[in-house]
Amino acid sequence: MRGRQISRRSVLKGSLMASVIGGTGSFFGPWRENHAWAQGAKPIKLGLTCDASGQYGNSGQDDFRGIKMAIDEFNAKGGVLGRQVTFITADTETTPATGSRVAERFITREDCTILVGALHSGVANAITQVASKYGVIYMNTNSSAPSEAGENCSRVKFVWDGNGTNFSKASVKNSVDSIGKNWMLLTNDYVWGHTTSAATKAQVEAAGGRIIDNLLVPQNTRDFTAYLLKIQQAKPDVVATAIGGDDIKALREQVAQLKLDGKPAWINNQQDWPDVWGAPDSLFGVFGTTWYHKLQLPGVAEFVKKWQAANKDGPIPVPGNVSYNGYMSTRELLRAIERAGSTNNVKIIKELENLKVSATDRMQHFDAYMDPVTHQMQQTIYLARRNAKPADNTDLFEIISWTEPKSAADDAAPTKCKLTPYEQVPTVDS
């Protein structure tokens with residue numbers, strides 16, 4: 001497969017192209033494309049696979065805001081390797097089948113040689129399958145299932161969010177020791193929920209606790225009454241949730257209404273900023289994040305101001321972890337292209353595999369690095385709770401701890417991840 005190369009729109013033609021996109025004219029959209037580039041210089045074109053609807057629609061658009069901010073910063077400085085960076089985006093609808101079709105179209109019809117964006121881990125895995133087939137680099141910005149850097153890893157994919165195991169390792173042992181040994185799990189019934197709760201279970205049992213039940217919750221659940229009644233009846237010491245997107249917002253509101261937010265204790269694996277903003281009164285328990293806009297660290301205040309200037313009319317007034325991950329992943333991608341001096345996919349991959357970023361540059365407490373074995377960014381993991389004394393109406397989190405990357409590392413991922421040898425990756429060069 002060494003000689004296989006993607007360029008222009010030569011991958012699919014004629015009837016084969018029709019079979020790929022047939023019947024999907026109304027499916028792909030709304031399309032948004034940036035066509036601004038210097039005359040005579042072919043742009044580097046990215047395909048942004050961001051949800052705009054479904055369970056993670058709000059977070060997908062916050063991901064997009066961070067990605068676009070990084071692109072705009074590079075273009076303002078003259079682009080990358082003297083070329084402007086352009087993009088096209090479409091709603092992946094929080095649906096794996098949609099993500100797969102969008103990725104296929106971006107690569108085969110829109111001449112995109114790099115894909116960026118993800119929230120739902122099932123969607124991310126679907127995009128990965130398409131990207132791997134063509135050798136197209138894929139930046140998984142925000143989906144956090146342990147499987148994304150484990151059994152579903154890929155030579156062309158890089159995972160930028162903390163995963164369920166990272167957050168569990170930062171929180172579980174201390175909670176077993178200080179709160180109690182009897183735990184219940186509340187799990188979104190798809191790959192992220194399953195793998196995250198499995199990681200929590202392993203950590204609980206390793207710390208001497210036990211799981212008394214695991215309640216599976218279908219995606220897009222809005223009425224949690226039956227689940228909360230079971231929790232009341234079981235009387236666990238701790239409930240650990242792996243519920244995301246619009247589902248966690250509905251759960252938080254109902255837990256608060258039933259006054260269950262005090263006891264049992266709640267460990268919410270990760271709370272994405274778009275799922276928290278606008279409903280601070282329902283925020284409870286201890287939860288994880290990778291970044292917060294009030295961190296007292298170099299560069300944070302300046303980044304917030306730049307983000308606000310770029311998103312004046314947006315629905316969220318400050319950046320959170322999702323927009324941060326979108327920005328950081330895209331910034332490091334474009335830096336890697338500059339270091340490689342090339343848009344050749346394998347050269348870029350090797351640069352990313354050797355990536356190390358200082359704590360100052362990351363705006364986190366510890367230095368970060370890309371794991372070359374799993375392609376997951378190893379970074380500071382924060383635990384937080386609702387802020388009882390906010391400095392302003394955006395100051396919703398109280399950061400209570402930060403864990404260095406090696407202490408929160410997913411030790412199982414390297415045993416599950418099998419990366420394709422470089423020579424078997426199809427050649428891609430824009």
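Basis of the calculations
- Residues numbered from 1 in each chain as written.
- Predicted model: local features only at pLDDT ≥ 70, side-chain atom pairs only at ≥ 80, totals over all residues.
- Heavy atoms only, no water.
- Pairing = 2+ DSSP bridges.
- Helix = DSSP H or I, 4+ residues; strand = E, 2+ residues; numbered from the N terminus.
- Axes fitted to C-alpha atoms, helices over the stretch in contact; angles between N-to-C directions.
- Core = buried A, V, L, I, M, F, W, Y, C linked by side-chain atoms within 4.5 Å.
- Buried < 20%, exposed > 50% of the residue type's maximum accessible area, 1.4 Å probe, protein only.
- 1 Å grid on protein atoms, 1.4 Å probe; cavity = no way out; pocket = protein on both sides within 12 Å on 5 of 7 lines; lining within 4 Å.
- Points joined across faces, edges and corners; volume = space filled by probe spheres on them.
- Nonpolar A, V, L, I, M, F, W, Y, C, P; charged D, E, K, R; others polar.
- Left-handed = near helix turned anticlockwise from the far one by under 90°.
- Contact = heavy atoms within 4.5 Å.
- Phe/Tyr/Trp six-rings, centres within 6.5 Å; stacked < 30°, edge-to-face > 60°.
- Lys NZ or Arg CZ within 6 Å of the ring centre and 35° of its normal.
- Salt bridge = Lys/Arg side-chain N within 4 Å of Asp/Glu carboxyl O.

Trainee: Help me out: how do you make sense of the sheet that holds strand β8 (residues 182-188) in this one?
Mentor: Note on sheets: strands pair through backbone hydrogen bonds, and any given pair is parallel or antiparallel. Taken together, the seven strands give an open sheet; going across it, the order is β9-β8-β10-β11-β12-β16-β17, and neighbouring strands pair in mixed fashion. In this open sheet, the two edge strands, each paired with only one partner strand, are β9 (210-217) and β17 (397-403). With strand direction ignored, the average angle separating the axes of adjacent strands in the sheet is 25 degrees. As paired strands, β8 and β9 are joined by seven bridges and run parallel to one another. Its bridge partner being in β9, leucine 185 is matched across the sheet by asparagine 214.

Trainee: Could you clarify how one ought to interpret the nonpolar core in this entry?
Mentor: Soluble globular proteins tend to bury their nonpolar side chains together. By size, the foremost hydrophobic cluster in this structure holds 49 residues, and its most contacted members are Leu46, Leu48, Leu115, Val116, Met139, Trp160 and Leu333. Among the elements that make up this core, the one with the highest residue count is helix α4 (residues 121-134) (six residues). Within the second largest apolar cluster, 24 residues are counted, among which are Phe287, Trp291, Met328 and Ala384.

Trainee: Would you explain empty space enclosed by the protein in this entry?
Mentor: It is a probe the size of a water molecule, rolled over the atoms, that shows where empty space is left. Tallied over the full model, the rule gives four cavities of 30 Å³ or more. Approximately 130 Å³ is the volume attributed to the largest cavity. Split by residue class, the lining of the largest cavity holds six nonpolar, eight polar and three charged. Taken as a whole, the second largest cavity encloses approximately 50 Å³ of empty space. Ile44, Thr113, Ile114, Ile137, Ile337, Thr343, Asn345, Ile348, Val428 and Ser430 together form the lining of the second largest cavity. For the lining of the second largest cavity, the class distribution of residues is six nonpolar, four polar and no charged.

Trainee: Which parts of the structure should I look at to understand the packing of helix α5 (residues 164-178) against helix α6 (residues 191-206)?
Mentor: Axis angle and axis distance: for two packed helices, these are the angle between their axes and the distance between the axes, and together they describe the pair. Two elements in contact, α5 and α6, have axes whose closest approach is 9 Å; the angle formed by their N-to-C orientations is 35 degrees. At the point where α5 passes α6, the crossing takes the right-handed sense. Together, Gly164, Thr165, Ser168, Lys169, Val172 and Val176 of α5 and Thr196, Ala199, Thr200, Gln203 and Val204 of α6 make up the contact between the two elements.

Trainee: Explain the sheet that holds strand β14 (residues 368-370) here, please?
Mentor: If you trace the three strands from one edge of the open sheet to the other, you get β13-β14-β15, paired in antiparallel fashion. For this open sheet the edge positions go to β13 (356-357) and β15 (377-378), each flanked by a neighbour on one side alone. The sheet contact formed by β14 and β15 spans two bridges and is antiparallel. Its bridge partner being in β15, tyrosine 369 is matched across the sheet by glutamine 378.

Trainee: Looking at this structure, I do not really get the packing of aromatic side chains. What am I missing?
Mentor: Pairs of aromatic rings are described using the distance from one ring centre to the other and the angle between the two planes. Summed over the entire model, instances satisfying the criterion amount to 13 aromatic pairs. Relative to phenylalanine 397, the ring of tyrosine 292 has its centre 5.0 Å away and its plane inclined at 20 degrees; by these criteria the two rings are stacked. Here the residue tyrosine 292 occupies a position in the loop between β12 (286-289) and α10 (300-310), and phenylalanine 397 occupies one in strand β17, the gap between them amounting to 105 residues. Both residues of the pair, tyrosine 292 and phenylalanine 397, count as buried. Considering the side-chain rings of phenylalanine 303 and tyrosine 327, the 4.9 Å spacing of their centres and the 65 degrees angle between planes classify their relative orientation as edge-to-face. Of the two residues, phenylalanine 303 is situated in helix α10 and tyrosine 327 in helix α11 (residues 321-340); the sequence distance between them amounts to 24 residues. A relative accessible area of 3% places phenylalanine 303 in the buried class. By the ring-pair criterion, three or more aromatic residues cluster together here, those being Trp273, Trp277, Phe287, Tyr292 and Phe397. Here arginine 155 stacks its cationic end above the ring of tyrosine 422, 4.2 Å away from the centre of that ring.

Trainee: Hey, could you run me through the pattern of salt bridges in this one?
Mentor: Opposite charge on two side chains permits them to pair, given that their charged atoms come into close proximity. Per the counting criterion, the structure on display carries 23 salt bridges. Residue aspartate 111 is joined to lysine 42 by a salt bridge in which the shortest nitrogen-to-oxygen separation is 3.9 Å. With aspartate 111 in the loop between α3 (96-108) and β5 (114-116) and lysine 42 in the loop between β2 (32-33) and β3 (44-50), this residue pair connects regions lying 69 residues apart in the sequence. Note that aspartate 392 and lysine 294 form a salt bridge whose closest N and O atoms lie 2.6 Å from each other. One end of the pair, aspartate 392, is in the loop between β16 (381-386) and β17; the other, lysine 294, is in the loop between β12 and α10, with 98 residues separating them in the sequence. With relative accessibility at 31%, the residue aspartate 392 sits in the partly exposed group. Among the residues examined, lysine 294 registers a relative accessible area of 27% and is labelled partly exposed. Within the structure, one salt-bridge network assembled from shared partners comprises Arg222, Asp246, Asp247 and Lys249.

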